Amino acid sequence: MLGMTTVRRLEHRMCRHRAELGGFVILPEARGTGLARRIVGVAGDWARELGCSVLEVSCRGGTRAEAAYVGLGFQVWGRLPGGFHDRGGVVFDEVRLWMALSAEAV
Ligand SMILES: CC(C)(COP(=O)(O)OP(=O)(O)OC[C@H]1O[C@@H](n2cnc3c(N)ncnc32)[C@H](O)[C@@H]1OP(=O)(O)O)[C@@H](O)C(=O)NCCC(=O)NCCS
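Residues numbered from 1 in each chain as written. Predicted model: local features only at pLDDT ≥ 70, side-chain atom pairs only at ≥ 80, totals over all residues. Heavy atoms only, no water.

S.K.: Hey, could you run me through the pattern of salt bridges in this one?
M.R.: It is possible for side chains of opposite charge to pair when their charged atoms get near one another. Under the criterion given, the structure shown has six salt bridges. The salt bridge partner of E20 is R8, with a shortest N-O separation of 3.3 Å. Taken as a pair, E20 in strand β2 (residues 18–26) and R8 in strand β1 (residues 3–9) lie far apart in primary sequence, twelve residues in all. A salt bridge links R18 to E56, with the shortest nitrogen-to-oxygen separation between them at 2.4 Å. (Salt bridge = Lys/Arg side-chain N within 4 Å of Asp/Glu carboxyl O. Helix = DSSP H or I, 4+ residues; strand = E, 2+ residues; numbered from the N terminus.)

If you want it as structure tokens, here you go:
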């Protein structure tokens, strides 16, 4: 296995059109190869099959992940300053992003 993500449909009755990626990781040797785009494509297909029109993800701000998600077509909708306190006292913003899976999203 070179990469993975989970896809979770939100459970609240008002949010069931939304699915969220979690634990998205690609092994270092497979980064920058197009695998991230393929995984997001498959995850989006899966979410659509569940009936979702919005795909969401969050990450640490200013990291490769943020640049990659924007490069993959996600749009930033929120940024919580200092949202993540990592090991060693390193602080990151939490960045939340979304993409439309269908015209019904907006
Ligand atoms: C986040 C992660 C899954 C992204 O995978 P990746 O292989 O690094 O992503 P890529 O380099 O393929 O970038 C994705 C797309 O964004 C584009 N992109 C990346 N950085 C970019 C930048 N600075 N400007 C413009 N486009 C950019 C890439 O060109 C690529 O598009 P393409 O498929 O058309 O080539 C991977 O870096 C990873 O596992 N990181 C460690 C774990 C992690 O931080 N996970 C996120 C937790 S939320």
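S.K.: Even after reading the chapter, I still don't get the packing of aromatic side chains, so can you show me in this structure?
M.R.: For any pair of aromatic rings, geometry is given as the distance between the ring centres together with the angle between the planes. Tallied over the full model, the rule gives two aromatic pairs. Ring centres 5.8 Å apart and planes at 70 degrees place the aromatic pair Y69 and F74 in the edge-to-face group. What makes F74 buried here is its relative accessible area of 3%. Here the aromatic cluster, defined as three or more aromatic residues joined through ring pairs, consists of F24, Y69 and F74. Positioned over the ring face of F92 is R60, at 5.0 Å from the centre of the ring. (Phe/Tyr/Trp six-rings, centres within 6.5 Å; stacked < 30°, edge-to-face > 60°. Buried < 20%, exposed > 50% of the residue type's maximum accessible area, 1.4 Å probe, protein only. Lys NZ or Arg CZ within 6 Å of the ring centre and 35° of its normal.)

S.K.: Mind showing me how you'd approach the site of the ligand here?
M.R.: Close to the ligand lie 17 residues; F24, I26, G32, R37 and R64 are nearest. Between the ligand and R37 there is a distance of 2.9 Å, counted from an oxygen atom to a side-chain nitrogen or oxygen. Backbone polar atom of A68 to an oxygen atom of the ligand: 3.3 Å apart, as the coordinates give it. Burial of the ligand by the protein amounts to 64% of the accessible area it has alone, namely 940 Å². (Near = heavy atom within 4 Å. Polar contact = N/O pair within 3.5 Å; in protein donor to acceptor, adjacent residues only side chain to side chain. Areas by Shrake-Rupley, 256 points an atom, 1.4 Å probe, with all protein chains shown as cover.)

S.K.: Any chance you could explain the environment of L21 here in plain terms?
M.R.: Residue placement: L21 occurs in strand β2. Residue L21 is classed as buried on the basis of its relative accessible area, which comes to 6%. In sequence terms L21 and G44 are 23 residues apart; their C-alpha atoms lie 9.4 Å from each other. Among residues more than four places away in sequence, those in contact with L21 are T5, T6, V7, V40, A43, L55, E56, V57 and F74. (Contact = heavy atoms within 4.5 Å.)

S.K.: Could you clarify how one ought to interpret the layout of surface pockets in this entry?
M.R.: If a probe as big as a water molecule is rolled over the atoms, it shows which places are left empty. Approximately 430 Å³ is the volume attributed to the largest pocket. Of all elements in the fold, only β2, α1 (35–49) and α2 (64–71) reach the threshold of two or more residues within the lining of the largest pocket. Of the residues forming the lining of the largest pocket, the biggest block, five residues, is contributed by α2. Partitioning the lining of the largest pocket into residue classes produces ten nonpolar, four polar and three charged. (1 Å grid on protein atoms, 1.4 Å probe; cavity = no way out; pocket = protein on both sides within 12 Å on 5 of 7 lines; lining within 4 Å. Points joined across faces, edges and corners; volume = space filled by probe spheres on them. Nonpolar A, V, L, I, M, F, W, Y, C, P; charged D, E, K, R; others polar.)

S.K.: I keep staring at the nonpolar core and nothing clicks. Help me out?
M.R.: The nonpolar side chains of a soluble globular protein tend to be buried, and buried together. Core analysis: the largest hydrophobic core is formed by 21 residues, its most contacted members being L21, F24, V40, L55, Y69, F74 and L97. Among the secondary structure elements, those contributing two or more residues to this core are β2, α1, β3 (54–60) and β5 (91–100). No other element matches α1, which puts five residues into this core. In this view, Y69 contacts F24, V57, S58, C59, F74 and L97; residues no more than four positions away in its chain are not counted. (Core = buried A, V, L, I, M, F, W, Y, C linked by side-chain atoms within 4.5 Å.)

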